[in-house]
Amino acid sequence: MALNGHLYLQGLYFLLFSTVLDFQVLGLRLKNGGHRCEGTVEVKYEGVWGTVHDVDWDLKDAAVVCRQLECGVAIDIPIGASFGSQAEPIWLSYISCKGTEWTINDCIRSAAQNYHHLGYSHNLDVGVICSGFVRLVGADGPCSGRVEVHSGRDWNSVSGGNFTFPTAHVICAELGCGKAVSVLVDVSFRGSDGHVWAKEFWCEGQEPELRICPRVPCPRGICQHSGAVQVVCSAYTEVRLTKNGTSQCEGQVEMNISGKWRMLCASHWNMANANVVCRHIGCGVATSTPKGAYLVEREDQIWKAQLHCSGTESFLWNCPMTALGIPDCTHGNTASVICSGNQTQVMPPCDSLSEPAGSAASEDSPASCSDTTQLRLVDGDGRCAGRVEILHQGSWGTICDDSWDLNDAQVVCRQLGCGKALNATVSAHFGAGSGPIWLDGVNCTGKESHLWKCPSRGWGQHNCWHKEDAGVICSEFLALRMVSEDQECAGWLEVFYNGTWGSVCRSPMEATTLSTICRQLGCGDSGTLDSSVDFREGSRPRWVDGIQCRKTDRSLWQCPSDPWKYRSCHPRDEAYITCADKLRLRDGDTECSGRVEVWHNGSWGTVCDDSWSLAEAEVVCQQLGCGSALEALQEAAFGPGNGRIWLDEVQCRGRESSLWTCASEPWGQNNCKHEEDAGVRCSGTRTGPSPVPGIFSLPGILCLILGALLFLVIIILVIQLHRWRVERRALSSFEDALDEAIYEEIGYHATPKKEALRSSPEPPAQRTNAFSEVYDDVEEVPGPKAPSASQMSEWEVPEENGVGAFHTGSPLHFPRGAAHPGKEDSPWLLQGEKQDPG
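Quick caveat, the model's predicted, so the values are computed rather than measured. (Residues numbered from 1 in each chain as written. Predicted model: local features only at pLDDT ≥ 70, side-chain atom pairs only at ≥ 80, totals over all residues. Heavy atoms only, no water.)

Colleague: Can you explain the state of the cysteines? Please cite residues and give values.
Modeller: In total, this model carries 22 disulfides according to the counting rule given. Disulfide pairing places cysteine 97 opposite cysteine 107 at an S-S distance of 2.1 Å. Between cysteine 97 and cysteine 107 the disulfide shows an S-S torsion of about 105°. By sign, it is right-handed. Here cysteine 97, found in the loop between strand S6 (95-96) and strand S7 (108-109), pairs with cysteine 107, found in the loop between S6 and S7; they are ten residues apart in sequence, far enough to count as distant. The class of cysteine 107 is buried, set by a relative accessible area of 1%. (Disulfide = S-S within 2.5 Å. Helix = DSSP H or I, 4+ residues; strand = E, 2+ residues; numbered from the N terminus. Buried < 20%, exposed > 50% of the residue type's maximum accessible area, 1.4 Å probe, protein only.)

Colleague: Describe in detail the packing of aromatic side chains, supporting the description with residues and values.
Modeller: Scanning the entire structure with this criterion turns up 15 aromatic pairs. A ring pair is formed by phenylalanine 315 and tryptophan 317, whose centres lie 5.4 Å apart and whose planes are at 5°; its orientation type is stacked. Geometrically, the ring pair formed by tryptophan 646 and tryptophan 667 is edge-to-face, given 6.4 Å between the ring centres and 70° between the ring planes. Of the two residues, tryptophan 646 sits in strand S40 (residues 645-647) while tryptophan 667 sits in the loop between S40 and strand S41 (679-682), which places them 21 residues apart along the sequence. Exposure remark for tryptophan 667: the relative accessible area of 34% places this residue in the partly exposed category. An aromatic cluster is present here, built from Tyr497, Trp543, Trp564 and Tyr566 joined pairwise through their rings. One cation-aromatic arrangement involves arginine 135 over tryptophan 155; the distance from NZ or CZ to the ring centre is 4.1 Å. (Phe/Tyr/Trp six-rings, centres within 6.5 Å; stacked < 30°, edge-to-face > 60°. Lys NZ or Arg CZ within 6 Å of the ring centre and 35° of its normal.)

Colleague: Break down the pattern of salt bridges for me, citing the residues and quoting the values.
Modeller: Using the criterion set out here, one finds 26 salt bridges in the structure. For arginine 36, the salt bridge goes to glutamate 209, with nearest N and O atoms at 2.8 Å. Taken as a pair, arginine 36 in the loop between strand S1 (27-32) and strand S2 (38-45) and glutamate 209 in the loop between strand S13 (199-201) and strand S14 (215-217) lie far apart in primary sequence, 173 residues in all. Here arginine 36 falls in the partly exposed class, since its relative accessible area comes to 25%. The shortest N-O distance in the salt bridge between arginine 146 and glutamate 148 comes to 2.9 Å. When sorted by exposure, arginine 146 lands in the same class as glutamate 148, which is buried. Through salt bridges with shared partners, a single ionic network connects Arg481, Glu494, Arg536, Arg540, Arg542 and Glu574. (Salt bridge = Lys/Arg side-chain N within 4 Å of Asp/Glu carboxyl O.)

Colleague: Just give me the short version of the environment of alanine 286, but keep the residues and values in it.
Modeller: Within the secondary structure layout, alanine 286 lies in strand S20 (residues 286-288). With relative accessibility at 1%, the residue alanine 286 sits in the buried group. Considered as a pair, alanine 286 and serine 340 are 54 residues apart in the sequence and their alpha carbons are 6.0 Å apart.

Colleague: Requested: an account of the nonpolar core, with residues and values cited.
Modeller: Counting residues in each nonpolar core, the largest one holds 32 residues, and the members touching the most others are Val388, Ile390, Trp404, Val412, Leu451 and Val472. Elements supplying a minimum of two residues to this core: strand S24 (374-378), strand S25 (385-392), helix H5 (406-415), strand S27 (421-425), strand S28 (437-439) and strand S29 (471-474). Among the elements that line this core, the one with the most residues is H5, at four residues. Discounting residues that sit within four places of it in the chain, isoleucine 390 has contacts with Thr373, Gln374, Leu375, Ser395, Trp396, Gly397, Ile399, Trp438, Leu439, Leu451, Trp452 and Trp459. The next biggest cluster of nonpolar side chains, apart from the first, holds 29 residues, and it includes Val277, Ala305, Trp317 and Ala323. (Core = buried A, V, L, I, M, F, W, Y, C linked by side-chain atoms within 4.5 Å. Contact = heavy atoms within 4.5 Å.)

Colleague: How would you summarise a nonpolar patch on the surface if you had to cite specific residues and measurements?
Modeller: Taken together, the side chains of Ile705, Leu706 and Leu709 present a nonpolar region at the surface, about 300 Å² in accessible area. If you trace the backbone, leucine 709 turns up in helix H8 (residues 698-750). For leucine 709, a relative accessible area of 47% gives the class partly exposed. (Patch = residues over 30% accessible without salt bridge, like charges linked within 9 Å, V, L, I, M, F, W, Y side chains within 5 Å. Areas by Shrake-Rupley, 256 points an atom, 1.4 Å probe, with all protein chains shown as cover.)

Structure representation (structure tokens):
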């Protein structure tokens, strides 16, 4: 007994000693990722870095890693050594966190030892992709928007008080977004969740990350009242004119793109672009644009993107830009500018009406005046299609469609650098405009340099209404769509170019490109390329290949690619893209439970729980491929979210294909707080959307069950009806047979056979006696008295078909013709009998 107690104490001491060793502090880092906040998870034990092996690694574990490293939130957990195989030890065989811990040392985990020596493989090393400490939200992409930092628990807006450009440069560099080109302070906190970072960042501009910058508390709570700050980053950061290797006010145009100086192509280069350059570098205004006059031979490829400035922009990177499909620039065709050199010089405005119609000054010739009249296309979903509008005398106005044709549209397209005219639209095809109608009866030859140089009735002279506004569609008009039979955010990617829809080729289509495409289509912020789909039948253009977007590109049109080509790839290489859902669940205990969040207008937001019920939850679960809804949770059951509250008063029937097809308040309009965020708990695991959404929803299943029960009841009733009819026919046949038998019995006993009587040799008197002898053995029973005449009349049955019937003491019997009157004569009854299935 004493021995057993001694062994027990020894085991207890060993367990306590192992526990102390198990909970020693471990270092933590992420390795081999694209930045500090993504990569393979490594811990430091006894001075040596090693990996973590865990088959049950999940977002809760990853969340703690991101929090400990000040890397925001976990957004993905790549599987199977995604960041490369390691040669280091495997120090931990598992980590189990609840997701709320501050460090992995607070989680349950295995004892630290080299599990690689125990046969564990590096193929199951765990990794994490974190959001990072800082982000830009609420704009067109990850490189512009309101500045937010993560506190370890939630996202907080950064105050604009004392915010500086060096701090913005650090943020842009950390996000891989180039340099800051714009900082806007005192932005309304509308759109944020109200959480404000209570400190100011004092960066010098050289720090690699924002979290390293000095932080000081906001004096007297100024952070809460000074508004948010918005930053715009760009890959295009500086511009200069070079001549003989020196920078001055004339020369070859060069721009710093992603840290490298690149020459610009002269294709589509014009005076409006040149004016922006001269103003930006403080050299007055542009006087001419001689192409290739200052060519400096360089190894760098000429940047071929086309800029479409109006001439009023402050910086060249504020101008619309197109890079998709642009052909390579020919050697020596570089853009050049000669500026006036006087920073304060302003050219006199041109008198548009005094210029002769059809005259066009060369872009290379010196400019003697500044044309303030501008042209644009509106409401056409692109720069090169829409309603034609002119800026004249400080006001934008439209053009009447009287005599409007392709020649007029050709001038507009050429002036805007949009290629050739495909269509000259009339009758306010792009919607009715507002303001003055500046021109009417425009009659161009198609060769004029500016629309207002064409003959017309004169400025402001017209007899039109805005329902007659003119428009154009040019060949450079671009549009994007996905083609699918039943899905909104998945399908064959197609682009509209040169008046025709055509496919987009999938090489190389990396993650940044897919993200840009999905964001432009309003389908979330990420996507995947599906190469397993069979290629499509039919003939169509395959317009473009080799698309390579950057994080700073706000749309697909800004992404460099191969030139436009009718057959850019084989049909099997057409791109089929599946974008991430515009719907997601966050902070749940499974992938099919959590707070409901939706993507809208470039950012994620929550749903208010007003009117939230199982019907709405059912739509969410079905849309996410998570089975049926088990619970519709309210009051931020999975914790409050952040950002906008996008939807309120959502009311679904339960069979809708997506949450946003349900009735609700308009996007962004609500009277809720994040403490009212809605959540769901679904029955299954994520399997992908059902090919026919809504059929196997809870109401659908109930309908199927009720339908089956109704069908079963109908079958039972049919069987019972059939049995009843069979039994009725059998009973009728039995009664007929019984009646016949009774008649035969009575006739046999009451009437001697006629042959027997005739063959008898006895005289009639003896026959009578002989007949009575038959009944000698029968006991006499007093018979009924003969009825009186009155009784006879009471018992007489009315004649039917001329046959009388009487009640007697024998069973009631009618002759067949009387019992079934007219049966043999009625063709309807005969027909009925023949149709009787019995």
